Amino acid sequence: MFEINGKTAVVTGGTSGIGLATAKAFLEKGAKVVIAGRNEERGAKALEELKAVSPDVVFHKTDTSDPEQVKELIDFAVKTYGSVDIMYNNAGIANFLPVDQMSDEDFNKLISINLTGVFYGIKYAAIQMEKQGHGGAIVSTSSIEGTIGDPNLPSYNAAKGGVNLLTQSAALALAKYNIRVNTVNPGYIYTGMINEKTMGEDGMKRLEALHPLGRLGKAEEIAHGVVFLVENEFTTGTHLYIDGGYTAQ
């Protein structure tokens, strides 16, 4: 069992939703946590909530589509807490446009954050973990949408499918350093991105009906899966689906 207590965890997209819930779960396990996001106001609000759990948490403003900023994030974590033992690549965005209506800019922006940003997170965390010499755990947020197609999510499908295979490749390359690389693949989760305000009441009902369990998931349920992937030392190159039965259909 990989012991989270006393380890340093970096969580991108850590100021809300799944990232915030996972940062909280890491703190409850005794980790020291660096949360990263693009919005300093949301970062301050998240810190206020997380510090009620543990004082061992800080925020670092980071745009994960910029490799220099991701490298700076890793360096900041090392300077603050001495190591990077857990990396959770969770930052992501979404857009809802079919391929014939999507601009080049829209496509490339999503790919730069949801796929290329994950590559940077894996790369720079792995380089640091290799230096430390005692292994580590890297988890990235993929999705059911990395396995299925959706007519209105071409860039999201492409990015999450890419994250799945990038993870398998990285897991094979980094196994010799005892660095494990996995994904958590949620179904639709009730967050700031998916709720009644963004989707409408009818839209929410349609999404709920897609899941055999009859509801959307909770951020805390995904955080639980991330903790499992970090703690289980015989798990690498794996995609953990937490989707209410969505992909079983």
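Predicted model only: the values in this text are computed from it and were never measured.

## Some details on the overall build of the protein
Summing up its helical and strand segments, the protein has 7 helices and 7 strands in all. Along the chain direction, N to C, the helices and strands of the protein fall in the order β-α-β-α-β-α-β-α-β-α-β-α-α-β. Relative to the compact-globule value of 18 Å for 249 residues, the protein shows a C-alpha radius of gyration of 17 Å, a close match. In terms of overall dimensions, the protein has a C-alpha envelope of 50 × 40 × 35 Å along the principal axes. Per-residue burial over the protein gives 51% buried out of 249 residues. For the protein, the proportion of contacts with a sequence separation of at least 24, taken over those separated by at least 6, is 70%. Of the roughly 11500 Å² of accessible surface on the protein, a fraction of 52% belongs to carbon and sulfur atoms. For the protein, the distance from the average position of its 22 positive side-chain charges to the average position of its 29 negative side-chain charges is 4 Å.

## Considering the sheet that holds strand 1 (residues 8-12)
For sheets, the rule is that strands pair by backbone hydrogen bonds, running either parallel or antiparallel. In spatial order, the strands read 3-2-1-4-5-6-7; together these 7 strands make up an open sheet with parallel pairing. Lying at the two open borders of the sheet, with one neighbouring strand each, are strand 3 (57-61) and strand 7 (239-242). Going across the sheet, the axis of each strand differs from the next one's by a mean of 20°, ignoring polarity. When strand 1 meets strand 4 (residues 86-89), the two strands line up parallel, connected through 3 bridges. Of the residues in strand 4, the one forming a bridge with Val 11 is Tyr 88. Relative to the sheet, helix 5 (residues 154-174) contacts strand 5 (136-141), strand 6 (179-186) and strand 7, its axis offset from that of strand 6 by approximately 160°.

## A look at empty space enclosed by the protein
Under the criterion given, the structure shown has 1 cavity of 30 Å³ or more. Roughly 30 Å³ of volume is contained in the largest cavity. Together, Thr 12, Thr 64, Asn 89, Ala 91, Ile 113, Gly 117 and Val 118 line the largest cavity. Counting residues per element, the lining of the largest cavity draws most heavily on helix 4 (residues 104-132), at 3 residues.

## Quick word on the environment of Asn 178
By the secondary structure assignment, Asn 178 is in the loop between helix 5 and strand 6. Each C-alpha atom of the pair Asn 178 and Ser 83 lies 16 Å from the other, and the pair is 95 residues apart in sequence. When sequence neighbours within four positions are dropped, the list of residues in contact with Asn 178 reads Gly 135 and Gly 136.

## Here we look at the layout of surface pockets
Within this model, the largest pocket holds a volume of roughly 870 Å³. Around the largest pocket sit 39 residues that line it, and Asn 90, Gly 92, Ile 93, Thr 191 and Met 193 are the ones nearest its centre. If you list the elements that add at least two residues to the lining of the largest pocket, you get helix 1 (17-28), strand 2 (32-37), helix 4 and helix 5. Among the elements that line the lining of the largest pocket, the one with the most residues is helix 1, at 3 residues. A volume near 170 Å³ is recorded for the second largest pocket. In terms of lining, the second largest pocket is formed by Phe 96, Asp 150, Asn 152, Leu 153, Tyr 188, Met 199, Gly 203, Arg 206 and Leu 207.

## Thoughts on the environment of Thr 183
Its place among the elements puts Thr 183 in strand 6. In the structure, Thr 183 is positioned 31 residues away from Gly 214 in sequence and 24 Å away in space, judged by C-alpha atoms. Excluding its chain neighbours within four sequence positions, the residues that come into contact with Thr 183 are Val 139, Ser 140, Ser 142, Val 163, Asn 164, Thr 167, Leu 229, Thr 238, His 239 and Leu 240.

Calculation notes
- Position numbers for residues start from 1 in each chain and track the written sequence from start to end.
- Local features in this predicted model are restricted to residues whose pLDDT is 70 or higher, and side-chain atom pairs enter the listing and the counts only when it is 80 or higher, whereas totals over whole chains, interfaces and linings include all residues.
- To get the side-chain values, all heavy atoms of the structure are used, and hydrogens and water are removed first.
- Numbering of helices and strands starts at the N terminus; helices are DSSP runs of H or I of at least 4 residues and strands are runs of E of at least 2.
- This radius of gyration counts C-alpha atoms alone. The globule rule is 2.2 Å times how many residues there are, raised to the power 0.38.
- Classification of residues uses two cut-offs on accessible area relative to the type maximum, computed with a 1.4 Å probe and protein chains only: under 20% is buried, over 50% is exposed, and between them is partly exposed.
- Contacts are assigned to residue pairs with any non-hydrogen atoms lying within 4.5 Å of each other.
- Only the protein chains shown count as covering a residue, and every accessible area follows the Shrake-Rupley method with a 1.4 Å probe.
- As used throughout, the charge tally considers Lys and Arg to be positive and Asp and Glu to be negative, leaving His and the chain termini uncounted.
- For charged residues, the charge sits on one atom: NZ in Lys, CZ in Arg, CG in Asp, CD in Glu.
- We treat two strands as partners when DSSP finds at least two bridges between them.
- What counts as an axis is a line fitted to C-alpha atoms, over the stretch in contact for a helix, and the angles between N-to-C directions run from 0 to 180 degrees.
- Cavity: a set of points on a 1 Å grid over the protein atoms alone where a 1.4 Å probe fits but cannot get out. Pocket: an open set with protein on both sides within 12 Å along at least five of seven lines, its lining residues, like those of a cavity, having an atom within 4 Å of a point.
- Grid points are joined across faces, edges and corners, and a volume is the space filled by probe spheres set on the points.

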